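Examining the three-dimensional arrangement
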Amino acid sequence: MEDFYRELIIERYKSPHFRGELEPNDISFEDDNPACGDHIRIDVRLDENHVVTEAVFSGEGCAISLASADLLLESIIGKTIEELKETTKEDILDMLGIELGPVRLKCALLPLKVLKAGVYGVGETISSD
Amino acid sequence: MEDFYRELIIERYKSPHFRGELEPNDISFEDDNPACGDHIRIDVRLDENHVVTEAVFSGEGCAISLASADLLLESIIGKTIEELKETTKEDILDMLGIELGPVRLKCALLPLKVLKAGVYGVGETISSD
Amino acid sequence: MTGNSNTRFDVQQVRGDFPVLAREIRPGIPLTYLDSAATSQKPETVIQAMSTYYQENNANIHRGIHKLAEEATLAYETAREKIARFINAPAADQLIFTRNTTESINLVAYSWGRKYLSAGDRILLTEMEHHSNLIPWQLIAGELDLVLDFIPVTSEGNLDLDVYHDLLKKNPKLVALTHMSNVLGTINPLKEIIRNAKSVGAITLVDGAQSVPHFPVDIANLEVDFYAFSAHKMCGPTGIGALYGRKDLLENMPPFLGGGEMIKRVELRSFKANDIPHKFEAGTPAIAEAVGFGAAVDYLLEIGMDRIEEHEKLLTNYTLEKLLDVPDLTVLGPPAEEKGGVVAFYIKDIHAHDVAQILDGDGIAVRAGHHCAQPLHTKFNLPATTRASMYLYNTIEDIDRFIAGLQKVRDIFK
Amino acid sequence: MTGNSNTRFDVQQVRGDFPVLAREIRPGIPLTYLDSAATSQKPETVIQAMSTYYQENNANIHRGIHKLAEEATLAYETAREKIARFINAPAADQLIFTRNTTESINLVAYSWGRKYLSAGDRILLTEMEHHSNLIPWQLIAGELDLVLDFIPVTSEGNLDLDVYHDLLKKNPKLVALTHMSNVLGTINPLKEIIRNAKSVGAITLVDGAQSVPHFPVDIANLEVDFYAFSAHKMCGPTGIGALYGRKDLLENMPPFLGGGEMIKRVELRSFKANDIPHKFEAGTPAIAEAVGFGAAVDYLLEIGMDRIEEHEKLLTNYTLEKLLDVPDLTVLGPPAEEKGGVVAFYIKDIHAHDVAQILDGDGIAVRAGHHCAQPLHTKFNLPATTRASMYLYNTIEDIDRFIAGLQKVRDIFK
Ligand SMILES: Cc1ncc(COP(=O)(O)O)c(C=O)c1O
Ligand SMILES: Cc1ncc(COP(=O)(O)O)c(C=O)c1O
């Protein structure tokens, strides 16, 4: 089970590449995972063509959710808003490279949920089941 | 199981000896068995020494409860109020001469419950469990 | 167990699935169980599903990360999906687990009722309701000063739909009624009743305690707003029932019970409610029971609800025919064609309790009393009736024993 | 099973009573179950009692005359008596069956609360309450405009009794608190707290979800007014819990849920409530679960509650001692002497979810999160903690595996 905590996840958790806050920003959204009290905020800057130029996250969470945030943001830099909307649950799981039970799935998907909510506006959610 | 319905019970049910109403009376009380909608009223007349001179019942019920009423009233004629208070659940079961499950026990004891409530005043109940 | 395609319905094989049916009530006297409207018997697969859950997967659900907790959560939510599909509900999250039909209806009364009803509002019920679909409304009517109206029951045991149409003109906020009467056996013309209720803007609630177990129920087709039922009457365990609700209604209703799992975020003096269905499931739910409920639905589907309905029809017709030969006996409710597998009756001058008691002597289990429908009995001026009710495991021989038992009753009281 | 007289407590023998403990979580990896505060495992006798009930006696209760109905009624009411005796309640009819602790507390909030509380009245709770003993009061406070006060938790994890005495001067109508914290393990000095509450005329309610399973509880001695607990945390099934209540209070409280069995007489627009406890048990109750609950109590009594308490103390002491050797780890709550078998902790820079997940890899089941006590976690500024909780079937080897697992967690995150 240690491979559950792939080196990549621990490394990104301990030394994230995209941690921080952006003010001003074009998109900023935050949400919690009520199951564990995790809280993630994502700030995004876009250029005039709606391409992501900068993206960072802040907040608290477990290794899975924070590594997921870091990997997610890495993957969206240079993408347009429309491309970004197409990011799926599977993309996240591919990036993390691990299998997850239902509770941890919520951790892994929290950053994507936050990002999509920011893009689509409040209320949109993705199914994590 | 037919002996359950001893001849005595069927006979008293079909041809009760103490059915009726008394006006005026010295004690009159009525109550229901909510489990079956049975309803029994008992009217009693006393002499100056508080001895039961007349006692009758009215209402509706199953063979067990009505036979029980009839046998109970037969047993109290000539007794004083104080003696009457001492009638127990066992006395009733002895008179009926059968064994009863918890639901039917309530039927059998309804007349005694009504009588005692009339004597003691509302609210007094006997345990049927 | 029989497959549900073209094979014949083999009642002896079905009986083999139910351990209790092998029981002798007294030495040499088999059990003739005709009390399924009160609660059904349980097949071994349902009993075993719960035992296995406890022996292998038991854990508390939803928040646990460990293997058992994940398995238990999956088992619980899978059961929800199965049951939602069984009644053709649009989505599993519209199915709330409760203790029983009674709690399901109370949940609506407390949560929806207290938010949306106010003094002078009318609730339309029927005279054939089980106390479960009556007292919750009496309670809330007392609290909020509401008016209760009742669709009358005709002497044949049907709802008087002419009066219904008149009562709808008073603009009830809610029409709540049973799908099938547990005394008369009447199956109400729900589709039409619901359409009419909707045409005056009323919300509809249906008590499905006697329908879901006995014939196919299609929530999406009925377009009902709330639908309540119990596992224990449909081969499932005690301790669990369900409430289906229209999504927008459920989402806008305030929580009912407060506690763990129904929250998203809690502070000392405030909380944020969870999403449906969890918003309405406070505290540790009946997890093993949900597993058993799911297994019950699997079992019923394997037999086939159409075939269960057909089998019960056959038994009911046979019973009603045989009862014609018992003197002084009157059956309540509509004729066989309009009736589910519930036969309540009375015999002149013999109390229902005595009938049930004498039948019990021969191992025949029927129910005697007002069957939690006292106002209906009052209306027909009967303190009590005797009720025989059937299910998939009953046989023609069961009915024959029952009829013979009634003859004996008459002999004793002759 | 061991007798409860002078024989030694044989934990291996106890383990043999619990089928799930024989399970391998993954090939070669045994189950180390340290999540009993969430829900306990079930001994085979309890599982079997319910199966047997369904296989032999299943029927609906109270109104039935037939043999099965009488057996089922007797089984249900006998369970009530056993459980009442187990907590030394004055009489069985003061014990109401509910779904769980959560429903028990909601019942009091809805029924007692809405009758006896009004705007401006104060309810005194504590900062260590489980959401089950918090949200019901928030709901009713919102409805009736009540004021909630909280006895603070000290940094050591005890209730601040000085502040309690000050808060009592505000004359709360109700003091409601947990017997034992499910996070800190703190066992509150109930006797004194209740006496003080009574001296200002407050009604007292105790959440016994974590106490009744783990040490002897004596209701008569505590002189508490309401006491709530759940079967599933004490070797019993899901789907059933209990509420003890003082007789005069219960008798004067209005019904909570309406339906069958809670009535004496029903008309279309009114009803007369049944006597206690039936007044509060609407609809078909959790009958098989009551049977299982009774069997759980039999099982615990056979082992002996004193010996269970002692065994857990031993395990807790051992755990706390071993945890001293894990760097960067902080345990919440009071020292071993004042603590039940619940050990919640956090490790610097490692999230509780990650701890639980890595432990699960070695078959060790612990819980991670706020354990339905979010305000307490907020107070200590912790989003989540990891919790290991013990019961009669845990061993020193369980604890050793758990400690080894924590070392592995640290290695992975090193
Ligand atoms: C202290 C405490 N109170 C209440 C509860 C709630 O119990 P249940 O979920 O069985 O209602 C729990 C268990 O989660 C608990 O630990
Ligand atoms: C028509 C009807 N409604 C409601 C109920 C109540 O069901 P439960 O006792 O499972 O809540 C019953 C069964 O007794 C019933 O027959």
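Reading guide: rules and limits
Every chain is numbered independently, its residues counted from 1 as its sequence is written. Chains and ligands are labelled sequentially in the order written, the chains with letters from A and the ligands with numbers from 1. Owing to the predicted nature of the model, reporting of local features is limited to residues with pLDDT of at least 70; listing and counting of side-chain atom pairs is limited to 80 or more, with chain, interface and lining totals taken over all residues. With hydrogens and water excluded, all non-hydrogen atoms of the structure serve as input to the side-chain values. Each helix is a run of DSSP H or I of at least 4 residues and each strand a run of E of at least 2, with the numbering of both proceeding from the N terminus. Burial classes: relative accessible area under 20% of the type maximum marks a residue as buried, over 50% as exposed, and values in between as partly exposed (1.4 Å probe, protein chains only). Whether two residues are in contact is decided by their heavy atoms: any pair within 4.5 Å suffices. Every accessible area reported is derived by Shrake-Rupley at a probe size of 1.4 Å, with residue values counting cover from the shown protein chains alone. Reported buried area values correspond to the accessible surface (1.4 Å probe) lost by two parts on association, with both partners' losses combined. The term salt bridge refers to a side-chain nitrogen of Lys or Arg lying within 4 Å of a carboxyl oxygen of Asp or Glu. Pairs of N or O atoms within 3.5 Å make up the polar contacts considered here, provided that, within protein, one atom can donate a hydrogen while the other can accept it, and that residues adjacent in sequence are counted only when both atoms are side-chain atoms. Gly is placed with the polar residues, together with every amino acid not listed as nonpolar (Ala, Val, Leu, Ile, Met, Phe, Trp, Tyr, Cys and Pro) or charged (Asp, Glu, Lys and Arg). At least two DSSP bridges between two strands are required for those strands to pair. Angular values range over 0 to 180 degrees, each being the angle between N-to-C directions of two axes fitted as lines to C-alpha atoms, with helices fitted over their stretch in contact. These domain boundaries are the output of an automatic or database domain assignment. Only heavy atoms are used to decide nearness, and a residue is near a molecule or strand if one of them lies within 4 Å of it. Here the copies were fitted onto each other by least squares, based on C-alpha atoms from residues at pLDDT of at least 70 in both.

Counting secondary structure elements, chain A contains five helices and three strands. Mapped in sequence order, the helices and strands of chain A form the string α-β-β-β-α-α-α-α. Put simply, chain A has 129 residues, and 50% of those count as buried. Put simply, 58% of the contacts in chain A that link residues at least 6 apart link residues at least 24 apart. Total accessible area on chain A stands at roughly 5,800 Å², and carbon and sulfur atoms take up 46% of it.

With that settled, consider the interface of chain C and chain D. With 94 residues of chain C at the contact, the number on the chain D side is 94 residues. Summing both partners gives a buried area of about 7,600 Å² for chain C against chain D, and 54% of it is carried by carbon and sulfur. Where chain C packs against chain D, one counts six salt bridges. Here Arg-99 of chain D makes a salt bridge to Glu-103 of chain C, at a shortest N to O gap of 2.7 Å. Connecting chain C to chain D are 53 residue pairs in polar contact (both at pLDDT 80 or more). In terms of residue count, the dominant contributor to the side of chain C that touches chain D is helix α2 (residues 44-57) of chain C (eight residues). Its residues assigned to classes, the side of chain C that touches chain D shows 41 nonpolar, 31 polar and 22 charged.

Strand pairing in a sheet takes place through backbone hydrogen bonds and is either antiparallel or parallel in direction. Residue and element names in this part refer to chain D. Strand order across the open sheet formed by four strands is β13-β14-β17-β16, with antiparallel pairing between neighbours. Strands at the two margins of the open sheet, each flanked by one partner only, are β13 (329-331) and β16 (367-369). Direction aside, the axes of adjacent strands within the sheet are offset by 30° on average. Inspection of the sheet shows strand β14 (residues 342-347) paired to strand β17 (residues 385-389) by four bridges, in the antiparallel sense.

Here the focus is the domain arrangement of chain C. Often the size quoted for an interface is simply the accessible area lost on bringing the parts together. Residues and elements named next belong to chain C. Its domain assignment divides chain C into domain 1 (11-41 + 304-413) and domain 2 (47-301). Each of domain 1 and domain 2 was reduced to a C-alpha centroid, and the two centroids are 28 Å apart. Between domain 1 and domain 2, the residue contacts involve 38 residues of the former and 37 residues of the latter. Across the interface of domain 1 and domain 2, roughly 2,800 Å² is buried in total on both sides, 56% from carbon and sulfur atoms. Counting across the interface, domain 1 meets domain 2 through one salt bridge. Between Lys-379 and Glu-127 there is a salt bridge; the shortest N-O distance is 2.6 Å.

What follows concerns the pattern of salt bridges. One side chain can pair with another of opposite charge once the charged atoms of both are near each other. Counted under the stated rule, the structure contains 70 salt bridges over all chains. In this structure, Lys-113 of chain A and Asp-31 of chain A form a salt bridge, with 3.8 Å as the shortest nitrogen-oxygen distance. Taken together, the residues Lys-113 of chain A in helix α5 (residues 102-120) and Asp-31 of chain A in strand β1 (residues 27-33) connect sequence positions 82 residues apart. Put simply, Arg-80 of chain C and Glu-281 of chain C hold a salt bridge, and the shortest N to O gap is 2.8 Å.

Glancing now at the site of ligand 1. Ligand 1 sits among 15 residues. The nearest are Thr-284 of chain C together with Thr-102, Asp-207, Gln-210 and Lys-233 of chain D. Each of chains C and D places residues next to ligand 1. Within the side chain of Thr-284 of chain C, one N or O atom sits 2.6 Å away from an oxygen atom of ligand 1. Within the contact set of ligand 1, an oxygen atom lies 2.6 Å away from a side-chain nitrogen or oxygen of Ser-230 of chain D. Of the residues in the shell around ligand 1, the class split is one nonpolar, twelve polar and two charged.

A few words on the site of ligand 2. Among the 15 residues in the neighbourhood of ligand 2, the closest are listed as Thr-102, Asp-207, Gln-210, Ser-230 and Lys-233 of chain C. Mapping the residues near ligand 2 onto chains gives chains C and D. Contact distances for ligand 2 include 2.5 Å between a nitrogen atom and a side-chain N or O atom of Asp-207 of chain C. The contact in question runs from an oxygen atom of ligand 2 to an N or O atom on the side chain of Thr-284 of chain D, over 2.6 Å.

Looking now at the relation of the copies chain C and chain D. If you rotate chain C by 180° and push it 0.0 Å along the axis, it lands on chain D with an RMSD of 0.0 Å. As the rotation angle and translation indicate, the two copies are arranged about a two-fold axis. Identified as the residue of chain C closest to the rotation axis by C-alpha distance is Gly-239 of chain C, at 2.8 Å. Interface overlap between copies: 100% of the residues of chain C at the interface are likewise at the interface in chain D, consistent with a symmetric, same-surface contact.

So, on to the interface of chain A and chain C. At the junction of the two partners, chain A supplies seven residues and chain C supplies seven residues. The junction of chain A with chain C conceals about 670 Å² of combined surface from both sides, 59% of it contributed by carbon and sulfur atoms. Area buried by chain A at its contact with chain C is led by Pro-34, Pro-102 and Val-103 of chain A, which between them contribute 57% of it. Our enumeration of links across chain A and chain C arrives at one salt bridge. The partner of Arg-265 of chain C in a salt bridge is Asp-32 of chain A, and the shortest N-O contact between them spans 3.1 Å. Here chain A is connected to chain C by one residue pair in polar contact (both at pLDDT 80 or more). Among the residues making up the side of chain A that touches chain C, the classes are represented as four nonpolar, one polar and two charged.

Our next topic: the sheet that holds strand β16 (residues 367-369) of chain C. Residue and element names in this part refer to chain C. Taking strand neighbours across the sheet as the criterion, the four strands line up as β13-β14-β17-β16 in an open arrangement whose pairing is antiparallel. The sheet is open, and its two borders are formed by β13 (329-331) and β16, each paired with just one other strand. Looking at each pair of strands side by side, their axes are set apart by 30° on average, direction ignored. As judged from the three bridges shared by β13 and strand β14 (residues 342-347), these two strands associate in the antiparallel manner. Opposite Val-331, over in β14, you have Phe-345 as the bridge partner. Docked against the sheet, helix α11 (residues 305-323) engages β13 and β14, running at close to 15° with respect to β14. Most of the contacts of helix α12 (residues 352-361) go to β16, to which it runs at about 160°, and overall it touches β14, β16 and β17 (385-389).

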